[in-house]
Amino acid sequence: MSSETAFGTRLLAYSARRLAQAVPLVLVVVIINFFLIHAAPGDPVDMLLGGMDTDPEFQAQMRRELGLDQPLWVQLWTYVSNMARLDLGYSFRFRQDVGALIMSRLPASLLLMGTSFVISVSFGILLGVVAAYRAGGLLERLLTGLTLSGYSMPVFWLGQLMLLVFAVGLGWFPIQGMVSLRTTSVGFDRVIDVAHHLALPALTYSVYQLTLIYRLTRVKMRETLSREFVKSARARGLSELRVVFRHAFPNAMLPVVTVMGLHVGHMLAGSVLTETVFAWPGLGRLMYEAIGARDFPLLLGLFTCISVAVIVANVVTDVIYAFIDPRVVYS
Amino acid sequence: MTARTATRAGLPIYSGLLLLGIVLFASMGGALRPFDAERVAVGPALAAPDSVHLMGTDELGRDVFNRVLSGTRVSLFVGITAALAAALVGIAVGATAGFLGGFTDDVLMRVTEVFQVIPRFFLAMMLVAFFGPSLGNVVVAIGLLSWPQLARVVRAEFLSLKSRDYIEAARAAGAGNLNLMFAKILPNALGPTMASGTLLVAQAILIEAGLSYLGLGDPSRVSLGLMLQQAQPIMRSAWWATAFPGLAIFATAITINLMGEGLTERWQPHTR
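In every chain, residue numbers begin from 1 and rise along the written sequence. The naming scheme follows written order: chains are lettered A onward, ligands numbered 1 onward. The predicted nature of this model means local features are confined to residues of pLDDT at least 70 and side-chain atom pairs, given and counted, to a pLDDT of 80 or more, with totals for whole chains, interfaces and linings taken over all residues. Heavy atoms from the whole structure form the basis of all side-chain values; hydrogens and water molecules are not counted.

Novice: Is there a simple way to explain the side chain of B:Ser223 in this structure?
Specialist: Residue and element names in this part refer to chain B. Comment: elements are numbered from the N terminus, with helices defined as DSSP H or I runs of at least four residues and strands as E runs of at least two. Summarising the element assignment, Ser-223 is placed in the loop between α8 (177-213) and α9 (224-231). Note on classification: 1.4 Å probe, protein chains only; a residue is buried when its accessible area is under 20% of the maximum for its type, exposed when over 50%, partly exposed between these limits. Classification of Ser-223 by relative accessible area gives buried; the value is 6%. The contact criterion used is simple: two residues touch if any of their non-hydrogen atoms lie within 4.5 Å. Residues in contact with Ser-223, not counting those within four places in the same chain, are Glu-208 and Ser-212.

Written out as structure tokens, the structure reads:
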């Protein structure tokens, strides 16, 4: 067996171990849901029905299904096993399964987050490296000041300012939504239409994420550039480009990957607020609608999905880290 | 010391003074705020900023300037109390874990990790949605979810301080664990704790703004987030209703962040 396949096997085993460690976390999330339903003031059935007027027969049936006449631990067991079957419940407001509702809104969110992720990662890292290399320079000071501002600014207000300037003021972009309602375009025209609507929300959300990535990259890159091995690479007469990108950059990126993984929850929060401002029809907007209607089953479903996504993202980050830095796998 | 490092060293002081200014400004009454923040029709609806209504009025004829002042006060209150609550839990957990070490440390750090992974903005949303959007619930939700960062900082400080000679000396002189933890070690760990606690205040203010923008703020108080939500439909006719409340959040948060950065730099110079 070559050493590469050996590493592959070990990486796979490591990934499986990390995934297994994530299972209790998912269980914690499900238990939090259960706690929310039962500890919050008010009757669980009323809450899940969202104050809808249903006949007593149906309510009694629901009570039986939830096992509300059973001891609490039996109820918990019922709840956990429902979740294990991926049954997220039913939204009485939307008259639809929570799971189906979430799936129908997922593509829009992925489009917005994916676009912003590509923009913010590429520019954030590039600017961070340049700023670290020219530490103390005008560009670094300007960018660091700007990103501190970005860090202290509510992302939804940033979105509103974008709307004020580029949509209301200059009229360059549409105000809300994902497609024009007046015209129904198809094919290439539709792609252009969606891109036109996507521009402002994607820009807003990118600025928000870029701030974080820039700050991290700059600090880590600065640390790495002052390390001995970089100095020795320079002393060996390697070109500056090679020193920065082949020697310093990979080492600086390790902690950046880890910390970015820890911020996935933070980034998702940003996307909910961004979608709300621009009425972007994704999961964030759905969450806003669920809050407005006090649609508790939908809220619980969204919370579960988002938490599981964050937990999985953490596992993925660790695996990526192990892939870049094989020492993790062998220790 | 160059001019630039001198400015940097003064950062916590300057930003602290600025913050004090914001606090005083937000809590001032009398001549500064002739209008009731909650009253409708204190002026014409959607009036542009002028000498009477410094930041204009909204669609119900409420005075934006007065509402911004009241909202800032609520933001500061939520930010500071939530950070204090987080600090209390964070110090208790971090100090115990760092001081006792071993099994206790393992267990406490596992719990901390769980709280770090679960997305706190969303959990805060859930808590407030289920238990009701009172100011107290908002503070508790934000506070109880923000402690892990602080617990880690405190733990690291305790780990490095507990084996110092002066602690050994105090122990030999018969000092108990609680005495050692809170009278001997904690005062020496206060710098980094304060630095990271300050950053928590700004985070809490931004979380509160986000929650109330989504409609999860206390409806009985003026809140900057809710003002921004209500300003959106009238954006075309009244830019001031969007511009000023956001500016207030931004100015408060950036001042606190600058102070926190200054303090962090002072206590952890190696992170720069």
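From this point, things continue past the structure.
Novice: Please clarify how the packing of α9(B) against helix α10 (residues 239-267) of chain B should be interpreted in this entry.
Specialist: Helix packing for two helices is described by the angle between their axes and how far apart those axes are. All names here are of chain B. It is the contact of α9 with α10, at a shortest axis distance of 9 Å, that shows an interaxial angle of 160°. With respect to their mutual orientation, α9 and α10 come out roughly antiparallel. For the element pair α9 and α10, the recorded crossing hand is left-handed. Taken together, the residues of α10 that come into contact with α9 (itself represented by Leu-224, Met-227, Leu-228 and Ala-231) are Ala-241, Thr-242, Pro-245, Gly-246, Ala-248 and Ile-249. Lys, Arg, Asp and Glu make up the charged group, whereas Ala, Val, Leu, Ile, Met, Phe, Trp, Tyr, Cys and Pro make up the nonpolar group; the residues left over, Gly among them, are polar. Of the residues assigned to the contact of α9 with α10, the class counts are eight nonpolar, two polar and no charged. In this analysis an axis means a line fitted to C-alpha atoms, helices contributing only their contacting stretch, and an angle means the value between N-to-C directions, from 0 to 180 degrees. What sets the label is the angle itself: under 35 degrees gives roughly parallel, over 145 gives roughly antiparallel, 65 to 115 gives roughly perpendicular, and the rest give oblique. By the definition used in this description, the sense in which the near helix is turned from the far one sets the handedness, with an anticlockwise turn below a right angle giving left-handed and a clockwise turn giving right-handed.

Novice: Could you clarify how one ought to interpret the packing of helix α5 (residues 98-133) of chain A against helix α12 (residues 283-292) of chain A in this entry?
Specialist: Residues and elements named next belong to chain A. Across the interface, α5 lies against α12 with an axial gap of 7 Å and an inter-helix angle of 135°. Here α5 is positioned oblique relative to α12, judged by the angle of their axes. Residues Leu-101, Ile-102, Arg-105, Leu-106 and Ser-109 of α5 form the contact with α12, whose own contacting residues are Leu-283, Gly-284, Arg-285, Leu-286 and Glu-289. Here the contact of α5 with α12 is composed, by residue class, of five nonpolar, two polar and three charged.

Novice: How should I be thinking about helix α4 (residues 72-84) of chain A in this particular structure?
Specialist: Along an α-helix, residues three or four positions apart point the same way, because every turn accommodates 3.6 residues. Residues and elements named next belong to chain A. Its 13 residues give α4 an end-to-end C-alpha distance of 18 Å, which sits within 8% of 18 Å, the value for a rise of 1.5 Å per residue. The complete set of buried residues in α4 reads Val-74, Gln-75, Tyr-79, Val-80 and Met-83. The positive-phi residue at the C-terminal boundary of α4 is Leu-86, with phi of around 60°. Expected helix span is computed as 1.5 Å times (number of residues minus one).

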